[in-house]
Amino acid sequence: MFEAASYESNLLARASLDSCVKCTICETQCPVMAVTPLFSGPKYVGPQAERYRSGLTVDHSLDYCSSCGTCSLVCPQGVEIAELNSVARAAMKKGHTPLRDQLVSRTSLLGQMMKPVAPLANAVLANRPSRWLIEKTIGIHRNAAMPTAQRHSFSDWWRHHRPSKAPTRGKVVYFHGCAGQYFEVETSIKTVEVLEFIGYEVVCPDQGCCGLPLQSNGLFDTARKYVRRLAEQLNVEVEVPIIASASSCVTMLKHEAHDIMGVDDPTVLQAGQRIREVSEFLLSLADAGTLPGDLAPIHQTVAYHAPCQLKGQGMGKPALALLSLIPQLTVIDAEATCCGIAGTYGVKKEKYAIGQAVGRELFEAVERINPQLAVCDTETCRWQIAAATGATVVHPISLLHQAWGLDQD
Amino acid sequence: MTDTIVVGAGLAGLAAAIRLAQGGHKVSLLTFGLGGLPLGQGSIDLLGYTHPAGSSHPTADDQAVADPWAALPGFIAAHPGHPYALLGTDTIKASLAWLAELLPDWLLPSDGVNHLVPTALGAMRPTLLIQPTMSWPSDAKSVAVIGFQQLKDFFPELMAKNLTQTAQVSAKGYLLDLPARDQEVDSSALRYANAADHPDFVSRLAAMIKATIEPADLIVLPAMLGLASLDPWRSLESTLGTRIVEAHLAPPSVPGLRLNQALTRLAQASGVRLIIGSKVIGYEGEGDCLRGVTLHQAGRDQFYGADQFVYAGGSFESGSLTVDSHGLVHESLFHLPLVGLGGDRPLIDGDYWSDQAIFKVGVATNAQLAPINPDGQIVWSNLRVVGGLLPAAVRWTEKSGDGIAVSSAFAAATDLLNQTSPKKDN
């Protein structure tokens, strides 16, 4: 069993640092370095500082890395920069993780606590004096985007759900993620309805958190337990794909559990092989010519933002090609690197301003393209964009749901 | 709709993808990381230097080429295996005109001759297509070279001293104390470009220049006058009433980033599916027909099928060509046959400054840029090999890399479009 602080858990990533030719491409694309001198950048903090780390911390500006993963994505030499930095940060913070980080990285717990008192929780989070108090006591910035608590979870809906038609294509396992369970319930419901509409039988086992927020806050031991438990829970109907509308959580299963936390359980790896982000899955059907084509036009122009964690899956931006199938809908790629939330980074009081600066170009693009409606695949990014722009920000599945006439049902 | 996969997103890959997509193909561009444009000088070279007769490698007698179109026939005659010999002057000319038309905001139309643009060291580098900020006025007699204390990749006094010889001007260096942003003491040119995209920084820079420098015909600044647009350069020129030329620096290269950004946006606007961050690790094919490639994605390997393929993976610098521990050279993706291996010289010799034979190793192709084996048989009839993978060129001493990338990509894309046109849609 690996220790969280042991840099040996990342030997493969360490081996890649010798491939760094100091070309600076990662520095040109790092969204944090672009807006603050507080972070000395992926090249220094990553492959350069890593040479001097033997479990020791050599550059505390590492804490300002948002873990967006852009550096690893753009590196032409295959250096696992973000992975190195995530491990080093976990080592740096081990033993003194603030209560705040412990709290914001437990989405399920927050959801469970807020659901029974949803109206009250939402009122507290919308109340300026209480937010000021939360900032002073816990360290969550008073203006940071917060999820809206729902009175009913996705599971409440699922328990009473009956498909409106018989399946014609076989089964898929649905993974909703914790935000999809407690906060973005509508996205989860729409995803199930679309999958059933195109002919799948949806199977949805009880499931917990993937551990991604814990991982990005350096709490590797707990995150490993979470991702292993989730993989076991999803380990039903092992021959069929797992489909998820929580695009960032997909990244955890596809590669971060293994590449950052050294998890190599066969169950986790197998779940990582089977899981598909829903746009990725639907686009593969469209490319194979097996997606129903009777999409009604949507007379809208919207900005689309691909979340960092989705881009990190190395499959491009499937939602862009998928949404182009809807007649009259113009989807403009906002071409922003990051929205600035980076999971829980942008809610922390000492990083809030950086997160806002990172997201500024994206927010301006949304305001320019369509200040009412924007599209993005990950929940926390949607909350960030919505809070900054006032726009309604939806998952791509919402537009498909609408175009297939499922909104009226 | 014809499906085409382009592998590699450097200048060659982007150019091929754009031309194919604009010609109606459904293009997927697969790239492992960004291509090399952000590392380059941001102008387009065609042919910068030729070696004196009898010398195959660079010497102190190398001649800067003034008129590359006049020099090209002789160069082609002297280099029969060179990509330029394969492609021919007409194609090369058409391809560069096409590129300049693609990027009207970033490249000046060619006047047919090489420009001499200053490097950070003050060398005058011959290149064909330049950005508007690179045009050196031939009538400039006095030059003010201006740098920043916080930009440690640029030494104005050194450049000024060298310019007195290389550009035959009187030149003086100035170092301004102007951080790109608060308190940062060591910034890259990119951070200065980000700052310059805001008009207030340009105003402060203009005021500081006015207060500091003696009158000069020309001001040289490090290449940082805008990434989003060249408006900062225009505004500074008009505020100061003096012509301004940008000198390109070591990476990160702001002019290179401009071209990369412009071409990537054009590709996406042309409908290219850009898939970044996964490595192509395998392929499938039957007979001489390639069927698809395997992408090593997060979680699993994914097969991408297509009808046609363009391979723009670059050379040794990007790992498309590799040398193993036995000194054997391989093309690492499709294992294509190479040429340039069998000479009487060792591939790598002990003389650091000689033109190492290994740099002329590349993939053997026919005139259509399809890969061929030593018998001249086509290996994959629906694959085209472009850019740095092509043999017999030493791109950095000839200053021919951009011209090879653009002309081979243009020729390959044109050929593939012709093969499928008129095409049967779906």
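These numbers come from a predicted model, not from an experiment.

**Section: the pattern of salt bridges**
Pairing is possible between side chains of opposite charge, provided their charged atoms come close.
Next, step 1: This model, assessed by the stated rule, comprises 37 salt bridges over all chains.
Next, step 2: A salt bridge links K171 of chain A to E237 of chain A, with the shortest nitrogen-to-oxygen separation between them at 2.9 Å. Of this pair, K171 of chain A sits in strand β1 (residues 170-175) while E237 of chain A sits in the loop between α14 (220-234) and β3 (242-244), and the two are 66 residues apart along the sequence.
Next, step 3: One salt bridge in this structure joins D349 of chain B and R345 of chain B, with 3.4 Å as the shortest N-O distance.
Next, step 4: On the basis of relative accessibility, which here comes to 36%, the residue R345 of chain B falls in the partly exposed class.
Next, step 5: Within the structure, one salt-bridge network assembled from shared partners comprises D63, K93, R100, D101, K348, E350 and K351 of chain A.

**A few points about the interface of chain B and chain A**
Next, step 1: Counting residues at the interface gives 30 residues for chain B and 37 residues for chain A.
Next, step 2: Here chain B meets chain A over a buried area of about 2500 Å², counting both sides, of which 50% is carbon and sulfur.
Next, step 3: Broken down residue by residue, the surface that chain B buries against chain A is led by L34, A298 and R300 of chain B, which jointly contribute 22%.
Next, step 4: Summed over the shared surface of chain B and chain A, the number is 4 salt bridges.
Next, step 5: Linking E335 of chain A and R265 of chain B is a salt bridge whose minimum nitrogen-to-oxygen distance equals 2.7 Å.
Next, step 6: On inspection of chain B and its partner chain A, the count reaches 12 residue pairs in polar contact (both at pLDDT 80 or more).

**Some remarks on the environment of L230 of chain B**
Next, step 1: With respect to the helices and strands, L230 of chain B occurs in the loop between β9 (218-222) and α8 (231-240).
Next, step 2: Considering only alpha carbons, one finds L230 of chain B and F316 of chain B, 86 residues apart in sequence, at a separation of 33 Å.

**Digging into the sheet that holds strand β7 (residues 142-148) of chain B**
All names here are of chain B.
Next, step 1: With parallel pairing, the 4 strands of this open sheet are ordered in space as β8-β7-β9-β10. With one partner strand each, in any of the chains shown, β8 (170-176) and β10 (243-247) form the two edges of the open sheet. Here the average twist between neighbouring strands, direction ignored, is 25 degrees.

**Some details on the domain arrangement of chain A**
All names here are of chain A.
Next, step 1: Taken domain by domain, chain A comprises domain 1 (4-93), domain 2 (99-137), domain 3 (154-283) and domain 4 (293-408).
Next, step 2: Taking only C-alpha atoms, the centre of domain 1 and the centre of domain 3 are 29 Å apart.
Next, step 3: Across the boundary between the two partners, domain 1 contributes 8 residues, which contact 10 residues of domain 3.
Next, step 4: Between domain 1 and domain 3 the total buried area reaches about 810 Å² when both faces are included, carbon and sulfur atoms providing 54% of it.
Next, step 5: The tally of links between domain 1 and domain 3 comes to 0 salt bridges.

**Notes on the side chain of K399 of chain B**
All names here are of chain B.
Next, step 1: Along the chain, the position of K399 falls in the loop between α10 (395-398) and α11 (401-419).
Next, step 2: In this structure, K399 is buried with no salt-bridge partner, the nearest side chain bearing the opposite charge being D45 at 5.8 Å.
Next, step 3: Excluding its chain neighbours within four sequence positions, the residues that come into contact with K399 are D45, L46, L47, G48, Y49 and R125.

**Thoughts on helix α3 (residues 42-50) of chain A**
Residues and elements named next belong to chain A.
Next, step 1: Burial of α3 is extensive: 7 of the 9 residues sit out of reach of the surface.
Next, step 2: When α3 is considered as a whole, its buried residues turn out to be P42, K43, V45, G46, P47, A49 and E50.
Next, step 3: Along its buried surface, α3 packs onto α1 (11-15), α2 (25-29), α4 (70-74) and α5 (81-93).

**Here we look at the sheet that holds strand β1 (residues 3-7) of chain B**
Residues and elements named next belong to chain B.
Next, step 1: Taken together, the 5 strands give an open sheet; going across it, the order is β11-β2-β1-β15-β20, and neighbouring strands pair in parallel fashion. Strands at the two margins of the open sheet, each flanked by one partner only, are β11 (273-276) and β20 (383-385). Between one strand and the next, the sheet's axes are offset by a mean angle of 15 degrees, whatever the strand orientation.
Next, step 2: Of the strand pairs in this sheet, β1 and strand β2 (residues 26-31) are connected by 5 bridges, and their pairing is parallel. Each residue of the ladder has a partner; that of D3, found in β2, is K26.

What counts as what
Residues numbered from 1 in each chain as written. Chains lettered and ligands numbered in written order. Predicted model: local features only at pLDDT ≥ 70, side-chain atom pairs only at ≥ 80, totals over all residues. Heavy atoms only, no water. Salt bridge = Lys/Arg side-chain N within 4 Å of Asp/Glu carboxyl O. Helix = DSSP H or I, 4+ residues; strand = E, 2+ residues; numbered from the N terminus. Buried < 20%, exposed > 50% of the residue type's maximum accessible area, 1.4 Å probe, protein only. Contact = heavy atoms within 4.5 Å. Buried area = accessible area lost by both parts, 1.4 Å probe. Polar contact = N/O pair within 3.5 Å; in protein donor to acceptor, adjacent residues only side chain to side chain. Pairing = 2+ DSSP bridges. Axes fitted to C-alpha atoms, helices over the stretch in contact; angles between N-to-C directions. Domains from an automatic or database assignment. Lys, Arg positive; Asp, Glu negative; His and termini not counted.

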